[in-house]
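Listed below, chain by chain, are the residues.
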Amino acid sequence: MAVNGKIALVTGAAQGLGRGFCEILLKNGAKVALLDVNKEVGNDLKASLDKEFGPDHTLFLTCDVTSEDQLSDAYQKTLEKFGKIDIVCNNAGIANERDWEKAVAVNLVAVVRSTYLALQHMKKQNGGQGGLIVNIASMAGLGPLLTSPVYTATKHGVVGFSRALAEASEACDFGVRLKVLCPTFVRTAIISTLSSEEYMGLFSCLHGFTEQMIGMFGMLEVPQVAEAFLQLVVEEGKNGSVLMVTPEITSYVEFPKSPTDVLSGNPSPSAPGSSPQ
Ligand SMILES: NC(=O)c1ccc[n+]([C@@H]2O[C@H](COP(=O)([O-])OP(=O)(O)OC[C@H]3O[C@@H](n4cnc5c(N)ncnc54)[C@H](O)[C@@H]3O)[C@@H](O)[C@H]2O)c1
Ligand SMILES: CCCCC[C@H](O)CC\C=C/C=C/C=C/[C@@H](O)[C@@H](O)CCCC(=O)O
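In this convention, every chain numbers its residues from 1, walking through the sequence in written order. Following the order in which they are written, the chains are lettered starting with A and the ligands numbered starting with 1. It should be noted that, the model being predicted, local features are given only for residues of pLDDT at least 70 and side-chain atom pairs only at 80 or more, the latter also being counted only at that level, while totals for whole chains, interfaces and linings use all residues. In computing side-chain properties, one takes all heavy atoms of the structure into account and sets aside hydrogens as well as water.

Asks: I tried to follow unusual backbone geometry on my own but got confused; where do I start?
Replies: The general pattern is negative phi for most residues beyond glycine and trans for most peptide bonds. Although it is not a glycine, Asp173 adopts a positive phi angle of roughly 55°. The topology assignment puts Asp173 in the loop between α5 (149-172) and β6 (176-183). For Asp173, a relative accessible area of 45% gives the class partly exposed. The backbone of Lys238 sits at a positive phi, close to 55°, despite the residue not being glycine. Counting from the N terminus, the helices are DSSP H or I runs at least four residues long and the strands are E runs at least two residues long. For Lys238, the location among the structural elements is in the loop between α8 (222-234) and β9 (242-245). Burial status follows relative accessibility: with a 1.4 Å probe on protein chains alone, a residue under 20% of its type maximum counts as buried, one over 50% as exposed, and anything between as partly exposed. For Lys238, a relative accessible area of 39% corresponds to the partly exposed category.

Now the structure itself:
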C-alpha cells in the first residue's frame, strides 16, 4: 500500500516503537492519529510533530486501549478529523507478570477489540475502502520467553489471532489485510521492566536469563524496527504474513502448513479405536 495520502491510526504512539512507526508514516506522506494513555508525553509528541509536519497531519487522542468506550471514541474522532482510516497499527503493549491480567487486557484483548473496530470501519461490506491492519507482536510471539510467560501468551495470541483473521477476511472478501511484526529486543522503556521486581513478579529471579537472551537475540534500535514496519505496510499482498526483525536479519516467518507438520519423528500410535476410519 502506498503511504502517501493515507490515514493511519497508531496505538501506544507517544513513545518507543509507536512513536517510530508514526514518524516513518508521516515522513512518507501519511496523516496519523496518535492514541496513547500517556497524555503528557502524547501532547509533547504532538507539539514536536506539529513543528516538523504541520498541525493538520496528526491528531493526538488520549486513549486507554483497555477501555471499549475510549477506543471506540478515538476511532470516531479520527474519522471525523480525517474522513477515513486506511492503516491501523495496534502497537500499545506492556510487560507485567505481576499484574498479568492487565498485560492480557492491553496486549491481547485491546488488540482484538481495536482490530475489530478497524474491520468495522474498513471492510467493503460496510461501505469501507478496505485497508491494512499491522499488529505488533514480538519474537516472544513465536517462542516462549521464560521470564515472561503471560507476555509470551499475549504475543502468541496476537500472532494466532491475526493469521486466522487474515484468512477469514480473505474468505469473506472484506478487502482488509492483516500483518504481524515480531521484533526481538528493542531499546525502549519496556526493556527496563525486564529486571524490575515490580513487573516481573515470580520471575524477577530470572533476570540473568534476560541478559543471556539479549545476548542471543540482539537489541534493536527503534529506527530499524520502523523501517521493517514500513516494509510491511508498502508491500502489496502478503495478507497474514509475519515479519521477524533481528539485528542480523529481517525475514518473513514460514509456518507449517498444518499443525500436524510439527509432530516429532516418532509419534506414538493413537489409542485403540481412536484412529480416523
Ligand atoms: N521493546 C521491545 O523489546 C519490544 C520487542 C518486541 C515487541 N515489542 C512490542 O512493541 C510494542 C511497543 O512497545 P515499546 O517497546 O515501544 O514500549 P514502550 O513502553 O516504550 O511504549 C509503549 C507505549 O504504549 C503506551 N500504552 C501502554 N499501555 C497503554 C494503554 N492501556 N492504552 C494506550 N496506550 C498504552 C505507553 O504509554 C507507551 O507510550 C508493545 O506491544 C511491545 O510488546 C517491544
Ligand atoms: C517482556 C518484556 C520485554 C519485551 C520483550 C520483547 O517482546 C522481545 C522479546 C525478544 C526475544 C524473545 C525471544 C524468545 C526466545 C524463545 O522463544 C526461545 O527460543 C529461546 C531459546 C534460547 C535457547 O536456544 O536456549
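The structure having been displayed, the exposition proceeds.
Asks: I'm lost on the nonpolar core in this one. Help?
Replies: Looking at soluble globular proteins, one finds that nonpolar side chains tend to be buried together. In terms of nonpolar packing, the biggest core is built from 36 residues, with Phe21, Leu25, Val32, Leu34, Leu181 and Phe229 touching the most fellow members. Elements supplying a minimum of two residues to this core: β1 (7-11), α1 (16-27), β2 (31-36), α2 (39-53), β4 (87-90), β5 (131-136), α8 and β9. Sorting elements by how many residues they give to this core places α8 first, with 8 residues. Contacts are residue-level and defined by heavy atoms, with any inter-residue pair within 4.5 Å sufficient. Those residues in contact with Leu181 that sit more than four places away from it in its chain are Phe21, Asn135, Ile136, Ala137, Ser138, Val225, Ala228, Phe229, Leu232, Leu243 and Val245. In plain words, nonpolar cores are sets of buried Ala, Val, Leu, Ile, Met, Phe, Trp, Tyr and Cys residues tied together by side-chain atoms within 4.5 Å.

Asks: Could you clarify how one ought to interpret the site of ligand 1 in this entry?
Replies: Taken together, 29 residues lie near ligand 1, and Asp36, Asn91, Tyr151, Val186 and Thr188 sit nearest. Asp36 places a polar side-chain atom, nitrogen or oxygen, 2.6 Å from an oxygen atom of ligand 1. Take Val186: an N or O atom from its main chain is 2.8 Å from an oxygen atom of ligand 1. Reported accessibility uses the Shrake-Rupley method at a 1.4 Å probe radius. Residues are deemed covered only where the shown protein chains occlude them. In the complex, the protein chains occlude 93% of the 830 Å² of accessible area that ligand 1 would expose alone. Using a 2 Å cut-off from the grid points, one finds that ligand 1 occupies the largest pocket. Contributions of two or more residues to the shell around ligand 1 are made by α1, α5 and β7 (185-186). Gly counts as polar in this scheme, as do all residues outside two lists: the nonpolar Ala, Val, Leu, Ile, Met, Phe, Trp, Tyr, Cys and Pro, and the charged Asp, Glu, Lys and Arg. In terms of residue class, the shell around ligand 1 is made up of 17 nonpolar, 9 polar and 3 charged. Here a residue counts as near a molecule or strand whenever at least one of its heavy atoms sits within 4 Å of it. Throughout this description, a polar contact denotes any pair of N or O atoms lying within 3.5 Å of each other; where both atoms belong to protein, one of them has to be capable of donating a hydrogen while the other can accept it, and for residues adjacent in sequence the pair is counted only when both atoms sit in side chains. Here a cavity is any set of points on a 1 Å grid over the protein atoms alone where a 1.4 Å probe fits but cannot get out, and a pocket is any open set with protein on both sides within 12 Å along at least 5 of 7 lines; a residue lines the site when it has an atom within 4 Å of a point. A molecule is said to be in a cavity or pocket once over half of its atoms fall within 2 Å of that pocket's grid points.

Asks: What exactly am I supposed to notice about the packing of helix α3 (residues 68-82) against helix α4 (residues 100-122) here?
Replies: When two helices pack together, their arrangement is captured by the angle between the axes and the distance separating the axes. Running from amino to carboxyl end, α3 crosses α4 at an angle of 35°, the nearest separation of the two axes being 11 Å. Considering only the axes of α3 and α4, their crossing is right-handed. Where α3 approaches α4, its residues Glu68, Leu71, Ser72, Tyr75, Gln76 and Leu79 are matched on the opposing element by Ala110, Arg113, Ser114, Leu117, Ala118 and His121. Its residues assigned to classes, the contact of α3 with α4 shows 6 nonpolar, 4 polar and 2 charged. Angular values range over 0 to 180 degrees, each being the angle between N-to-C directions of two axes fitted as lines to C-alpha atoms, with helices fitted over their stretch in contact. When the near helix sits turned anticlockwise from the far one by under a right angle, the crossing is termed left-handed; a clockwise turn instead gives a right-handed crossing.

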